[in-house]
Amino acid sequence: MVLASMAGRLRPVVKQPQLLALANNNFHSNSVPGSSSSASSRLVHLLRQSSNVSFVTSIHCKIVKLGAVYSGSTSNHLLTSYVRLGQIAHAQNLFVEMPQTDIVTWTSLMSGYISANQPHKAISLFQDMHLHEIKPNHYAFCTAINACSHLAMLNLGQQIHAQVEVHGLTSDTVVCSALIDMYGKSEGALYARRIFDQMKNQNVITWSSMVSVYSQNAQGYEAIALFGKFLHVGVPNPFILSSVVNACASIGQLGLGKSMHCKVIRHGHELNYFISGALIDMYAKCGCFESSKNVFDRIESQTLVPYTSMIVAAGKYGFARYALDLFDEMRNEGIIPNDVTLLGVLHACSHAGLVDMGLRYLHSMKYEYGIKPCAKHYTCTVDMLGRAGRLDEAYQLSKEVHAEGPDKLLLWSAFLSACRTHRRLDLAAEAADRLAEFDSDVAGPLVVMLNTYVSAGKWKNAANVWSTMKQKGIYKEPGCSWVEVKNKVYVFYVGEVSSAGTRAAEVMDLLEEFEVKMRERGFVGSGSSWVEEEEGDKRVIVGVHSERLALGFAHLSVPDGVTIRVMKNLRMCKDCHDWFKRVSDIVGRVIVVRDLNRFHQFSFGSCTCGDYW
């Protein structure tokens with residue numbers, strides 16, 4: 001028997017002597033624990049108070065050695081204690097040996113699997129319930145839906161949703177809120193909105209969930225519009241305000257973000273640490289790092305969330321030293337970092353080339369902070385090694401990491417991107433094979449593979465990738481950049497200056513002027529050319545990158561001395577990076593560019609990234 005073998009190998013190391021003494025009294029006064037309701041109640045009370053594994057295993061061993069028959073309640077509390085303390089293997093063994101189980105038993109173990117980053121096992125357990133004639137309740141459904149959220153598998157989530165319909169739980173507010181969250185994390189915002197609209201009892205939590213779904217799925221304007229509707233039916237709490245601030249961050253529109261900041265102040269929630277963290281993140285993503293710092297500095301009593309938000313923001317701007325100083329300051333204040341904080345620290349090291357330091361932080365997570373690195377931490381580490389050209393180490397780590405679903409996709413995509421940068425076609429092919437396992441029309445990895453072959457002159461291989469993309473209906477996303485002028489967004493595409501309206505000719509004159517001044521300074525780049533149209537002397541731009549057009553328009557439209565902020569949907573190329581450095585020196589103003597991966601802050605001929613990105 002599993003429990004009998006467990007009793008032989010578990011040696012209690014008691015660190016809660018008073019609780020253990022009470023437990024011993026219970027055992028001596030009741031030969032069969034569970035036969036007396038008062039003894040059972042005391043035992044359950046002790047298990048709830050326990051905070052270390054040794055105590056729980058001591059209780060477990062005593063029950064086994066006495067040959068006691070468990071009561072359902074006592075067994076469930078014992079299993080829950082194992083789950084709470086992260087001992088999923090012990091919880092699983094206990095589950096197998098229990099003579100009787102109920103819905104509480106099954107749901108507790110499912111929750112344990114999710115906490116142990118094993119959501120697939122939670123789903124399997126849920127699907128086995130009917131074989132044991134266990135009817136799932138709304139708690140079990142919420143737990144199964146939560147497992148689907150972790151996996152971000154839309155089809156699986158829809159299957160669970162169908163069972164919710166069959167069991168008549170579509171009017172349960174908690175279940176519906178869980179479904180909204182699941183669809184949001186599975187790129188199913190449309191399905192989430194349908195559930196939201198069908199709900200009879202919407203509350204501030206469901207409104208917050210739906211706003212958050214739009215924000216997570218790059219539908220910031222929809223989130224803000226929904227928030228506007230909510231204001232007609234309810235008073236915003238910190239959670240919905242933080243969700244709508246995050247939506248402003250997702251679209252990178254500073255004017256809307258400032259407007260939401262005013263609403264936060266008006267409702268008296270500026271000092272809420274969740275909202276403070278969201279504001280720090282919003283200002284950073286809108287290219288206004290100093291405003292992020294101002295929000296952070298105004299917080300009188302710092303907590304984990306603002307510190308984490310500030311560390312993440314500083315890392316993305318290339319201010320690695322500041323991020324690491326904040327991390328040290330936080331620890332000196334006695335604030336214990338969480339997994340997101342350490343992910344921000346790793347990002348800071350990655351974007352600054354501090355590889356060895358980053359590896360030390362990774363290796364210290366478990367023994368210094370009790371945090372087991374997850375797939376996101378390892379993906380960041382792979383990216384860090386890849387940026388530094390340590391591709392063999394990155395490859396070895398990628399193979400060793402246990403990742404599933406979207407986490408695995410991100411891991412190997414990060415490695416593939418590094419292979420492209422350093423032209424390691426052998427490893428790039430291996431990464432492409434790993435990514436081919438995904439039956440998903442994700443354009444990113446295929447586009448990276450296409451560009452890898454093109455940059456290496458492997459035209460036949462590039463043609464094969466292009467053919468695969470065409471068969472799947474995948475097309476490369478066109479590069480675009482946008483700027484905000486007087487609360488209006490202007491979007492520019494490669495070689496198209498029409499968004500500048502009546503100022504198009506001025507933009508072209510300005511860019512040509514920049515080109516002339518840079519050539520005078522010895523810089524000769526690629527990326528734009530000038531031609532004459534056949535039917536007149538009107539000039540058009542051929543091939544100039546979108547961020548240059550956006551900068552030209554913003555320079556003409558934004559008053560002198562005001563920072564120019566350009567947002568871009570793709571990674572900034574090296575040629576444009578050098579071009580922006582020189583333009584910042586020519587015009588003598590600060591220019592911030594947010595690309596797909598990070599922020600670049602240019603001023604007087606240099607960038608905060610230190611030319612490492």
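Remember, predicted model here, so these are calculated numbers, not experimental data. (Residues numbered from 1 in each chain as written. Predicted model: local features only at pLDDT ≥ 70, side-chain atom pairs only at ≥ 80, totals over all residues. Heavy atoms only, no water.)

Let's talk about helix α29 (residues 504–520)
Put simply, the test is: In this description a helix means any DSSP run of H or I spanning at least four residues, a strand means any run of E spanning at least two, and both kinds are numbered starting from the N terminus. Helix span is expected to be 1.5 Å times the residue number reduced by one. For each residue, the accessible area found with a 1.4 Å probe, counting protein chains only, is set against the maximum for its type, and the residue is called buried under 20%, exposed over 50%, and partly exposed in between. The arc in question is traced by the directions running from the helix axis to the C-beta atoms.
A rise of 1.5 Å per residue sets the reference length of α29, with its 17 residues, at 24 Å; its end C-alpha atoms lie 25 Å apart and thus fit the reference within 8%. For α29, every residue scored as buried is listed here: Ala 504, Val 507, Met 508, Leu 510, Leu 511, Phe 514, Glu 515 and Met 518. Projected onto a plane normal to the axis of α29, the buried residues spread over an arc of 160 degrees and lie on a single side. Gly 522, located one to two residues past α29, shows a positive phi value of around 90 degrees.

Side note on the UniProt feature "repeat: PPR" (unreviewed entry) in the chain
Counted only if it meets this: UniProt positions are given in the numbering used here, feature names are shortened, and annotations may be inferred rather than shown by experiment.
The feature "repeat: PPR" (unreviewed entry), as given by UniProt, occupies residues 102–136 and 303–337 in the numbering adopted here. Summarising residues 102–136: 66% helix, 0% strand, and an end-to-end C-alpha distance of 10 Å. The span residues 303–337 shows a helical share of 74% and a strand share of 0%, and its end C-alpha atoms are spaced 10 Å apart.

Regarding the pattern of salt bridges
Side chains that differ in sign of charge can pair as their charged atoms come close. The test is simple: What counts as a salt bridge is simple: a side-chain nitrogen of Lys or Arg found within 4 Å of a carboxyl oxygen of Asp or Glu.
Per the counting criterion, the structure on display carries 24 salt bridges. Here Asp 197 and Arg 193 are joined by a salt bridge, their closest N and O atoms 3.0 Å apart. Taken together, the positions of Asp 197 and Arg 193, both in helix α12 (residues 189–198) and four residues apart, correspond to about one turn of that helix. Judged by relative accessible area, which is 48%, Asp 197 ranks as partly exposed. For Arg 424, the salt bridge is made with Asp 426, and the minimal N-O distance between the two is 3.1 Å.

Structural notes on unusual backbone geometry
One non-glycine residue, Ala 218, lies in the positive phi region at around 55 degrees. By the element assignment, Ala 218 lies in the loop between α13 (204–216) and α14 (220–230). Although it is not a glycine, Phe 604 adopts a positive phi angle of roughly 50 degrees. Here Phe 604 lies in the loop between β7 (599–603) and β8 (606–607). Judged by relative accessible area, Phe 604 falls into the exposed class, the value being 59%.

What about α12?
We count it as follows: Whether two residues touch is decided by their heavy atoms; if any such pair falls within 4.5 Å, the residues are in contact.
Residues of α12 that are buried: Ala 189, Ala 192, Arg 193, Ile 195 and Phe 196. End-on, the buried residues of α12 take up no more than an arc of 160 degrees, which puts them together on one face. Those residues of α12 that are exposed and aimed more than 90 degrees away from the buried face are Leu 190 and Gln 198. Buried positions along α12 lie against α10 (154–166), α11 (173–185), α13 and α14.

Some words on the pairing of strand β6 (residues 591–594)
Two faces, one strand: in a regular strand the side chains alternate between the faces of the sheet. Quick reminder of the rule: Should DSSP find at least two bridges between two strands, the strands are regarded as paired. Crossover handedness is defined here as right-handed if the route from the first strand over the helix to the second strand goes clockwise, with the strands pointing away from the viewer.
The alternating pattern of β6 places Ile 591 and Val 593 and Val 592 and Arg 594 on opposite faces, both of which are buried. Pairing geometry for strand β5 (residues 564–568) and β6, over four bridges, is parallel. Bridge assignment links Met 567 to a residue of β6, and that residue is Arg 594. Tracing the backbone out of β5, into helix α31 (residues 574–587) and back to the parallel element β6 gives a crossover that is right-handed. Bridge count between β6 and β7: four bridges; the pairing is antiparallel. Within β7, the residue paired with Arg 594 across the bridge is Phe 599. Turn length for the β6-β7 hairpin, with the two strands adjacent in sequence and antiparallel, is four residues.

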